[in-house]
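Residue-level structure breakdown
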Amino acid sequence: MSNPIILMETSSGDILLELFEDKAPVSAANFLKYVDEEFYQNTIFHRVIKDFMIQGGGYTVRYEEKPTHEPIRNEAGNGLKNLRGTLAMARTADPHSASAQFFINTVDNPDLDYQRDADEEYGYCVFGQVIEGMDVVDKIQKLKTKPQGEHDDVPVDMVVITGMSRFE
């Protein structure tokens, strides 16, 4: 069985993602549910930190937070590392709080990897990787940012996820 491929269309270009259903079944199924419901359509990359990551999937173009399904169990202990180009679940300080938001690592981020079952060392679950479009990710991470509301790293020029779908 091959892993699902997702086409993420953005206002900065397309990104092709492979989901690791075999290593992170809960996270991959959760992400696919949001994709199939067209949840990510017209959401934005609301947090962009150069030489770290780009985060999206939670806010509309009007900067309103979207309601989500229940949070999922953190699968960060799956052996996958937060390496450049990997796709991971975003969450709060509670390790089991991830719902719809995700991020793409723009560099290797070993500090985000699972250490052990302790809140501050639980890590962030990697559940996929960019297989095409890292140039788009790099373009996004270089955008100028500004504080907006409770966030410090909001792109001055909005990057919209115009659509996300299964890629056959």
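An account of the accompanying structure is given in this report. Please read all numbers here as calculations on a predicted model, not as lab measurements.

Along the protein, the regular secondary structure elements total two helices and 10 strands. Relative to its length of 168 residues, the protein is compact, with a C-alpha radius of gyration of 15 Å against a globular reference of 15 Å. Counting only contacts in the protein whose residues sit at least 6 apart along the sequence, the fraction spanning at least 24 positions is 67%. Within the protein, the 29 negative side-chain charges are centred at a point lying 3 Å from the centre of the 16 positive side-chain charges.

Turning to the side chain of Glu75, a few remarks are in order. Assignment of secondary structure puts Glu75 in the loop between strand 4 (53–60) and strand 5 (86–89). Buried charge without a salt bridge: Glu75, with Arg73 as the nearest opposite-charge side chain at an N-O distance of 4.3 Å.

Of the pairings in the sheet, the one linking strand 1 (residues 5–10) to strand 2 (residues 13–19) comprises six bridges and is antiparallel in character. Residue pairing for strand 2: Ile5 is matched across the bridge by Glu18. Connecting strand 1 to the antiparallel partner strand 2 that follows it, the hairpin turn spans two residues. As defined by bridge partners, strand 1 adjoins strand 10 (residues 160–166) across five bridges and the pair is classed as antiparallel. Bridge assignment links Thr10 to a residue of strand 10, and that residue is Ile161.

The next subject is the pattern of salt bridges. All chains considered together, the criterion is met by four salt bridges. One salt bridge connects Arg166 with Asp36, and the closest N-O pair in it is separated by 2.7 Å. Of the two residues, Arg166 sits in strand 10 while Asp36 sits in helix 1 (residues 25–36), which places them 130 residues apart along the sequence. Take Arg166: its relative accessible area is 40%, and that puts it in the partly exposed class.

Cut-offs and rules
Residues numbered from 1 in each chain as written. Predicted model: local features only at pLDDT ≥ 70, side-chain atom pairs only at ≥ 80, totals over all residues. Heavy atoms only, no water. Helix = DSSP H or I, 4+ residues; strand = E, 2+ residues; numbered from the N terminus. Rg over C-alpha atoms; globule rule 2.2 N^0.38 Å. Contact = heavy atoms within 4.5 Å. Lys, Arg positive; Asp, Glu negative; His and termini not counted. Charge placed at Lys NZ, Arg CZ, Asp CG, Glu CD. Buried < 20%, exposed > 50% of the residue type's maximum accessible area, 1.4 Å probe, protein only. Salt bridge = Lys/Arg side-chain N within 4 Å of Asp/Glu carboxyl O. Pairing = 2+ DSSP bridges.

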